[in-house]
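Residues per chain are reported as follows:
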Amino acid sequence: MKAIDIRNKYLNFFEKHGHKVIPSSPLIPENDPSVLFTTAGMQPLVPYLMGEKHPEGTRLVDYQKCLRTNDIDEVGDNRHLTYFEMLGNWSLGDYFKEESIKMSYEFLTQELGIDPDKLSVTCFAGDEEVPRDTASAEIWKKMGIPEDRIYFFGKDNNWWIAGEEGPCGPDTEMFLDTGKPACSEHCDPSCDCGKYVEIWNNVFMEFYKTKDGGITKLKQRNVDTGLGLERMAMLLQGKKTPFEIELFAPIMDELAKLQKVDSIESRRIVTEHLRASIMIVADGGRPSNIDRGYILRRLIRRMTRHLNKLQVDLGELANLIELDIETLKEMYPYLVEKKDVIKQVIIEEKDKFVKTLDHGEKEFEKMINKAKQENKTVIDGYTMFKLYETYGFPPEITSDLAKEKGFTVDASEFDKLFKEHQEKSRLGSGQKFKGGLGEQNEQTIKYHTATHLLHKALQIVLGEHATQNGSNITVERLRFDFNHPQKMTPEEIKKVEDIVNEQIKRDLPVTCEEMTLEEARKSGAIGLFENKYGDKVKVYTIGDFSKEICGGPHVTHTGELGHFKIKKEESSSAGVRRIKAILE
Ligand code: SER
């Protein structure tokens, strides 16, 4: 069964069970500074898991584009992917364990035709905070899963939370036995030898973990399930790796034709990173030196390096992008329209990196000459690391070149520095998560409303082309990217500030209405019409000043905002300006 057929079967099945289909949110979260990318289906739905009413009701089903970069360095093995699609069904205070497990079982065995004898399940074992989930185990038994294939594990395995704070709860996970012999007598679904492959995770999200580590009950009991589409396609197609399914095989095969040196690992890295880069760029991501831009940069660099390793002519990149879009267009038709910009961004970044490599080689020469003068025969790890960090010069290239010149390298010192560096970036992204998934405090809500005022004011001062390109809010400031070809003049900036402050002084009421996308468009609402919230949307109206499609929440009156000030106006990328502004 092709991935698209699994997706369609899934959506139809849950629709039949009263769920409304909502489309994927973008890979780059809007108005959520706490995360770099959407890493799970729950992320865009956090406000609704916390109790806000979803315009489409209490039963939803979706297919969410996700990117997880924690294991980026593992890509190249036979299973890791950074980009994947997660199918999910959602109960927002509607059904709970019984119905959720029943539907999962029915979908797996009847719709996908999975042999029930190959299914094992795991449930939460309980601890001092939350009791053992015997309820789920009993339901599984009723479904026919024998006791010896129902396992209980602790928080490490059967508890789900994104980051350190937020909605969470025990989960029950489903595993398919691949038929591989057990690796030992202790082999069970918690073992990653490959015998048991996790296929679905149903989270019973009824708790909230607070900043101080305590656990409280949410207003409602939710269900959040996640089924990795590529992995399921792999299993149903009887393949051993996701790279063999129809979503990856064409690129893998093409690389095999183009390569002059064979490396399956490099082919997987190129295939995977190209996929992830295309999806990020299509959703508005651009390479840069920080945060998500840096992740994209790393993906493109690593892909380029491995194209070099395979000795594939880099001029082929344009064709590879075309082929990948062709492969994906049934799943993501919008990629076709974005083909030119995707090509432009990825190829430009590749070209930059090729220059970096050239530059790095020059620095490498200097370093070798210095080492010669000092009569050294070993290139120390610190120097290697500096080449890597400052010039993006890959350590394996340093190592190869050094060998050619009769030097050895201190790879262990490099590894140590590299690990420290990785640890730091991992902590960095962890903290981002901690910063508050779903953290909608008073200050961020104010900035959210101020962003609407700014958006409208920009359109008044600069023209209707000045539409939103990105938005990011922290407790300290708002950041707004918009389309505009040149730098704003000081007069224009002042005008925008004055307009926003005038609307604040008028203390306009902020109201919210639900309507269909079509009605919203007709009402003159601005905002992103693409890829959002499904058919019904919320439209926030600020007095007679602005009307914008948005998930909320917002303040009730603009008078609450205080004084608005633009701190910076700068270029964000070609044709896109960026404003940072504060409320004083
Ligand atoms: N949130 C859970 C996960 O990501 C289920 O969707 O696995």
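Heads up: these notes are all about the structure in this document. Here the structure is a predicted model, which means the values were calculated and not measured.

### A short note on the packing of aromatic side chains
Part 1 of the argument: For the structure shown, the criterion picks out 21 aromatic pairs.
Part 2 of the argument: A ring pair is formed by Phe385 and Phe414, whose centres lie 6.0 Å apart and whose planes are at 55 degrees; its orientation type is tilted. Taken together, the positions of Phe385 in helix 12 (residues 381-391) and Phe414 in helix 14 (residues 411-434) put the pair 29 residues apart, joining distant regions of the chain.
Part 3 of the argument: Measuring from ring centre to ring centre gives 6.0 Å for Tyr388 and Phe414, while their planes differ by 85 degrees; the resulting arrangement is edge-to-face.

### A closer look at the sheet that holds strand 15 (residues 536-542)
Part 1 of the argument: The strand order across the open sheet formed by three strands is 14-15-16, and the pairing between neighbours is antiparallel. Among the strands making up the open sheet, the edge pair consists of strand 14 (510-516) and strand 16 (546-549). Shown here is a sheet whose adjacent strand axes are inclined to one another by a mean of 25 degrees, direction ignored.
Part 2 of the argument: Where strand 14 lies against strand 15, seven bridges are found, and the strand directions are antiparallel. Note on strand 15: the bridge partner recorded for Thr511 is Thr541.

### As for the packing of helix 9 (residues 291-309) against helix 11 (residues 339-373)
Part 1 of the argument: Running from N to C, helix 9 and helix 11 cross one another at 65 degrees; their axes reach a closest spacing of 9 Å. When the interaxial angle is binned, helix 9 and helix 11 end up roughly perpendicular. The interaxial crossing formed by helix 9 with helix 11 has right-handed handedness. Along its contact with helix 9, which presents Arg297, Ile300, Arg301, Met303, Thr304, Arg305 and Asn308, the element helix 11 presents Ile346, Glu349, Lys350, Lys352, Phe353, Val354 and Leu357.

### A word on unusual backbone geometry
Part 1 of the argument: Non-glycine residue Asn375 carries a positive phi angle of around 55 degrees.
Part 2 of the argument: Within the element layout of this structure, Asn375 appears in the loop between helix 11 and strand 10 (378-379).
Part 3 of the argument: Judged by its relative accessible area of 68%, Asn375 falls in the exposed class.
Part 4 of the argument: In this structure, Asp507 is a non-glycine residue whose phi angle is positive, near 45 degrees.
Part 5 of the argument: Among the secondary structure elements, Asp507 is positioned in the loop between helix 16 (490-505) and strand 14.

### Quick notes on empty space enclosed by the protein
Part 1 of the argument: Counted by the stated rule, this structure contains one cavity of 30 Å³ or more.
Part 2 of the argument: In this structure, the largest cavity encloses a volume near 80 Å³.
Part 3 of the argument: Across the lining of the largest cavity, the residue classes break down as six nonpolar, four polar and one charged.

### Description of helix 4 (residues 134-143)
Part 1 of the argument: Buried within helix 4 we find Ser136, Ala137, Ile139, Trp140 and Met143. Mapping the buried residues of helix 4 onto a view down its axis gives an arc of 160 degrees, with all of them on the same face.
Part 2 of the argument: On the buried face of helix 4, the contacting elements are helix 3 (97-111), strand 4 (119-124), strand 5 (150-153), strand 7 (166-177) and strand 8 (196-209).
Part 3 of the argument: Phi for Gly144, located one or two positions after helix 4, is positive at around 110 degrees.

### Quick word on the pairing of strand 7
Part 1 of the argument: When you tally the buried positions in strand 7, you get 11 out of 12 residues, the bulk of the element.
Part 2 of the argument: One ladder, built from four bridges, connects strand 4 with strand 7; its direction is antiparallel. Residue pairing across strands places Thr122 opposite Glu173, the latter belonging to strand 7.
Part 3 of the argument: As judged from the three bridges shared by strand 6 (residues 159-161) and strand 7, these two strands associate in the antiparallel manner. Looking across to strand 7, one finds that Trp160 is bridged to Gly169.

### Let's talk about the sheet that holds strand 12 (residues 468-473)
Part 1 of the argument: In spatial order, the strands read 12-13-18-17; together these four strands make up an open sheet with antiparallel pairing. In the strand order of this sheet, the two ends are held by strand 12 and strand 17 (564-573), each with one partner. Adjacent strand axes in the sheet meet at a mean angle of 20 degrees, parallel and antiparallel pairs treated alike.
Part 2 of the argument: Pairing between strand 17 and strand 18 (residues 576-583): eight bridges, direction antiparallel. When the sheet's bridge partners are listed, Glu569 is paired in strand 18 with Ile579.
Part 3 of the argument: Of the strands in this sheet, strand 12, strand 13 (478-483), strand 17 and strand 18 are in contact with helix 15 (residues 442-462), which crosses strand 13 at around 30 degrees.

### Here we look at the site of the ligand
Part 1 of the argument: Every residue close to the ligand is listed here: Ala40, Arg68, Met86, Trp160, Asn201, Val203, Asp224, Thr225 and Gly226.
Part 2 of the argument: Within the side chain of Asn201, a nitrogen or oxygen atom sits 3.2 Å from an oxygen atom of the ligand.
Part 3 of the argument: Backbone polar atom of Thr225 to an oxygen atom of the ligand: 3.3 Å apart, as the coordinates give it.
Part 4 of the argument: Considered on its own, the ligand offers 230 Å² of accessible surface; in the complex 95% of this is hidden by protein.
Part 5 of the argument: Tallying contributions element by element places strand 9 (residues 215-228) first for the shell around the ligand, with three residues.
Part 6 of the argument: Taken together, the residues of the shell around the ligand sort by class into four nonpolar, three polar and two charged.

### Description of the pattern of salt bridges
Pairing is possible between side chains that carry opposite charge, provided their charged atoms lie close to one another.
Part 1 of the argument: In the structure shown here, the tally under the stated rule is 37 salt bridges.
Part 2 of the argument: The residue Asp127 makes a salt bridge to Lys155 at a minimum N-O spacing of 2.6 Å. Within this pair, whereas Asp127 is found in the loop between strand 4 and helix 4, its partner Lys155 is found in helix 5 (residues 155-158), the two being separated by 28 residues in sequence.
Part 3 of the argument: Among the salt bridges present, the one from Glu363 reaches Lys366, with a minimum N-O distance of 3.1 Å. On the criterion of helical spacing, the pair formed by Glu363 and Lys366 is a turn pair, its members being three residues apart in helix 11.

### A few points about the nonpolar core
Soluble globular proteins: nonpolar side chains tend toward being buried together.
Part 1 of the argument: Within the largest apolar cluster, 86 residues are counted, with the highest numbers of intra-cluster contacts made by Trp140 and Leu335.
Part 2 of the argument: Looking at which element gives the most residues to this core, the answer is helix 8 (residues 264-282), with eight residues.
Part 3 of the argument: When residues no more than four places from it in sequence are discounted, the contact partners of Trp140 are Ile101, Tyr105, Val121, Cys123, Ile145, Ile150, Thr172 and Met174.
Part 4 of the argument: Leu454, Val461, Met488 and Leu508 belong to the second-largest nonpolar core, a separate cluster that totals 33 residues.

### Focus: the environment of Lys339
Part 1 of the argument: Counting through the fold element by element, Lys339 comes out in helix 11.
Part 2 of the argument: For Lys339, a relative accessible area of 25% puts it in the partly exposed group.
Part 3 of the argument: Sequence-wise, Lys339 and Glu404 are 65 residues apart; in three dimensions their C-alpha atoms are separated by 41 Å.
Part 4 of the argument: Dropping the residues within four chain positions of it, Lys339 is found in contact with Glu322 and Ile325.

### Some thoughts on the packing of helix 1 (residues 3-16) against helix 6 (residues 229-236)
Part 1 of the argument: Following both chains from N to C, one finds helix 1 and helix 6 inclined at 110 degrees, their axes separated by 9 Å at the closest point. Here helix 6 runs roughly perpendicular to helix 1, going by the angle between their axes. Helix 6 is crossed by helix 1, and the crossing has right-handed handedness. Contacts from Ala3, Ile6 and Arg7 of helix 1 reach helix 6 at Leu229, Met232, Ala233 and Leu236.
Part 2 of the argument: Considered class by class, the residues forming the contact of helix 1 with helix 6 number six nonpolar, no polar and one charged.

Cut-offs applied
- Residues numbered from 1 in each chain as written.
- Predicted model: local features only at pLDDT ≥ 70, side-chain atom pairs only at ≥ 80, totals over all residues.
- Heavy atoms only, no water.
- Phe/Tyr/Trp six-rings, centres within 6.5 Å; stacked < 30°, edge-to-face > 60°.
- Helix = DSSP H or I, 4+ residues; strand = E, 2+ residues; numbered from the N terminus.
- Pairing = 2+ DSSP bridges.
- Axes fitted to C-alpha atoms, helices over the stretch in contact; angles between N-to-C directions.
- Parallel < 35°, antiparallel > 145°, perpendicular 65-115°, else oblique.
- Left-handed = near helix turned anticlockwise from the far one by under 90°.
- Contact = heavy atoms within 4.5 Å.
- Buried < 20%, exposed > 50% of the residue type's maximum accessible area, 1.4 Å probe, protein only.
- 1 Å grid on protein atoms, 1.4 Å probe; cavity = no way out; pocket = protein on both sides within 12 Å on 5 of 7 lines; lining within 4 Å.
- Points joined across faces, edges and corners; volume = space filled by probe spheres on them.
- Nonpolar A, V, L, I, M, F, W, Y, C, P; charged D, E, K, R; others polar.
- Arc of directions from axis to C-beta.
- Near = heavy atom within 4 Å.
- Polar contact = N/O pair within 3.5 Å; in protein donor to acceptor, adjacent residues only side chain to side chain.
- Areas by Shrake-Rupley, 256 points an atom, 1.4 Å probe, with all protein chains shown as cover.
- Salt bridge = Lys/Arg side-chain N within 4 Å of Asp/Glu carboxyl O.
- Core = buried A, V, L, I, M, F, W, Y, C linked by side-chain atoms within 4.5 Å.

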